[in-house]
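Chain residues, written in single-letter form:
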Amino acid sequence: MSTCITSIWSGKSTTASNIIILPDGCRDLIIKIKDGNAPDWYVSPLFDHSKNIQIEENTSTLGFRLKPGTCIVEDELIASITDNQLDISELENTLNEFTHLNTSIEEALGCLASDVTSIGQAVIRLGVSSRTLQRLVLKETERSPSYWFQLARARKSARSLTQILPLVEVADRYGFSDQSHMCREFKRWFHTSPSEIIKASGISDQLAATGYGFD
């Protein structure tokens with residue numbers, strides 16, 4: 001498996017539908033095949049919040065999820081796949097050619113998603129200056145250290161909701177100032193409340209999948 005691939009997923013729809021995709025800190029190479037049509041290849045963006053995605057009927061999808069912070073030579077990747085009409089079995093080698101993950105950014109993002117309670121604590125643990133961390137993360141991901149720290153915290157706390165913990169306990173465990181603070185962050189990232197996440201169909205499956213904040 002490519003060093004940049006963190007998981008491979010697939011899906012198939014028989015009817016048209018809409019699904020909510022939570023931000024997971026990853027980008028995916030996605031192959032969409034609709035009955036009777038040529039495959040459609042694209043790389044998903046890095047989501048800043050939940051997105052409502054329309055799924056067409058009779059469509060199969062296959063996704064290669066890339067590790068957070070992976071640099072993708074997107075245009076050349078898609079061109080290579082399209083021009084050479086690659087088999088699925090060849091995709092991992094092709095991804096190795098057009099993706100790479102800087103070890104420094106992998107370490108930085110790992111630290112921001114760990115048990116640190118602030119970006120300042122991450123800076124100390126990494127042994128770099130705040131300016132160095134800011135410059136590195138922005139250059140490699142086009143997002144700030146604050147983005148990654150807050151996304152990991154929101155995702156980890158959302159996953160904890162599936163354990164039927166009291167909201168106030170979840171908020172305290174993951175460093176929110178209080179329950180209201182956690183609710184505001186959920187609205188920002190997921191466009192929904194903690195109680196709605198608990199009830200929402202399919203959300204727990206997404207939170208259980210590989211993504212930023214946990215493997």
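Above this text is the structure in question.
Residues numbered from 1 in each chain as written. Predicted model: local features only at pLDDT ≥ 70, side-chain atom pairs only at ≥ 80, totals over all residues. Heavy atoms only, no water.

(A) Quick look at the overall build of the protein. Tallying secondary structure elements over the protein gives 10 helices and 8 strands in all. Its C-alpha atoms give the protein a radius of gyration of 18 Å, within 12% of the compact-globule value 17 Å for 215 residues. Principal-axis analysis of the C-alpha atoms places the extent of the protein at approximately 55 × 40 × 20 Å. Taking all 215 residues of the protein together, 42% fall into the buried category. Counted over contacts in the protein with a minimum sequence separation of 6, partners at least 24 positions apart contribute 72%. Taken as a whole, the protein presents about 11,400 Å² of accessible surface, with 49% of it coming from carbon and sulfur. Across the protein, the 21 positively charged side chains and the 27 negatively charged ones have centroids separated by 8 Å. (Helix = DSSP H or I, 4+ residues; strand = E, 2+ residues; numbered from the N terminus. Rg over C-alpha atoms; globule rule 2.2 N^0.38 Å. Buried < 20%, exposed > 50% of the residue type's maximum accessible area, 1.4 Å probe, protein only. Contact = heavy atoms within 4.5 Å. Areas by Shrake-Rupley, 256 points an atom, 1.4 Å probe, with all protein chains shown as cover. Lys, Arg positive; Asp, Glu negative; His and termini not counted. Charge placed at Lys NZ, Arg CZ, Asp CG, Glu CD.)

(B) Highlighting the packing of aromatic side chains. Applying the stated criterion to the full structure yields 4 aromatic pairs. Ring centres of Tyr147 and Trp148 lie 5.1 Å apart, and the angle between their planes is 85°; on these two criteria the pair is classed as edge-to-face. When its relative accessible area of 7% is taken as the criterion, Tyr147 is described as buried. Taking 5.3 Å as the distance between ring centres and 90° as the angle between the ring planes, the aromatic pair formed by Phe186 and Phe190 counts as edge-to-face. Of this pair, Phe186 and Phe190 both sit in helix α8 (residues 179–190), 4 residues apart, roughly one helical turn. Given a relative accessible area of 0%, Phe186 falls into the buried group. Taking relative accessible area as the criterion, Phe190 reaches 3% and is therefore assigned buried. (Phe/Tyr/Trp six-rings, centres within 6.5 Å; stacked < 30°, edge-to-face > 60°.)

(C) Examining the nonpolar core more closely. Residues Leu29, Phe64, Leu77, Trp148, Phe190, Ile197 and Tyr212 are the most contacted members of the largest nonpolar core, which totals 51 residues. Ranked by residues supplied to this core, first place goes to helix α6 (residues 145–160) with 7 residues. Apart from residues no more than four positions distant in its own chain, Tyr212 is found in contact with Asp24, Gly25, Cys26, Pro68, Leu109, Leu112, Ala113, Trp148, Leu151, Ala152 and Arg155. (Core = buried A, V, L, I, M, F, W, Y, C linked by side-chain atoms within 4.5 Å.)

(D) Representation of helix α4 (residues 119–126) in the model. Within α4 the residues assigned to the buried category are Ala122, Val123 and Leu126. The arc that holds the buried residues of α4, viewed along the axis, is 105°, so those residues lie on one side. Once α4 finishes, Gly127 follows within two positions and takes phi at roughly 75°, a positive value. (Arc of directions from axis to C-beta.)

(E) Region of interest: the side chain of Ser160. Here Ser160 lies in helix α6. In this structure the side chain of Ser160 is engaged in a polar contact, spanning 2.7 Å, whose partner is the side chain of Tyr174. Residues in contact with Ser160, not counting those within four places in the same chain, are Leu165, Val170, Arg173 and Tyr174. (Polar contact = N/O pair within 3.5 Å; in protein donor to acceptor, adjacent residues only side chain to side chain.)

(F) Structural view of the pairing of strand β4 (residues 40–43). Of the two faces of β4, the one lined by Trp41 and Val43 is fully buried and the one lined by Asp40 and Tyr42 carries no buried residue. Direction of pairing for strand β3 (residues 27–34) relative to β4: antiparallel, over a ladder of 4 bridges. Residue pairing for β4: Ile30 is matched across the bridge by Tyr42. Between the antiparallel neighbours β3 and β4 lie 5 residues, among them Gly36 with a positive phi of about 85°. (Pairing = 2+ DSSP bridges.)

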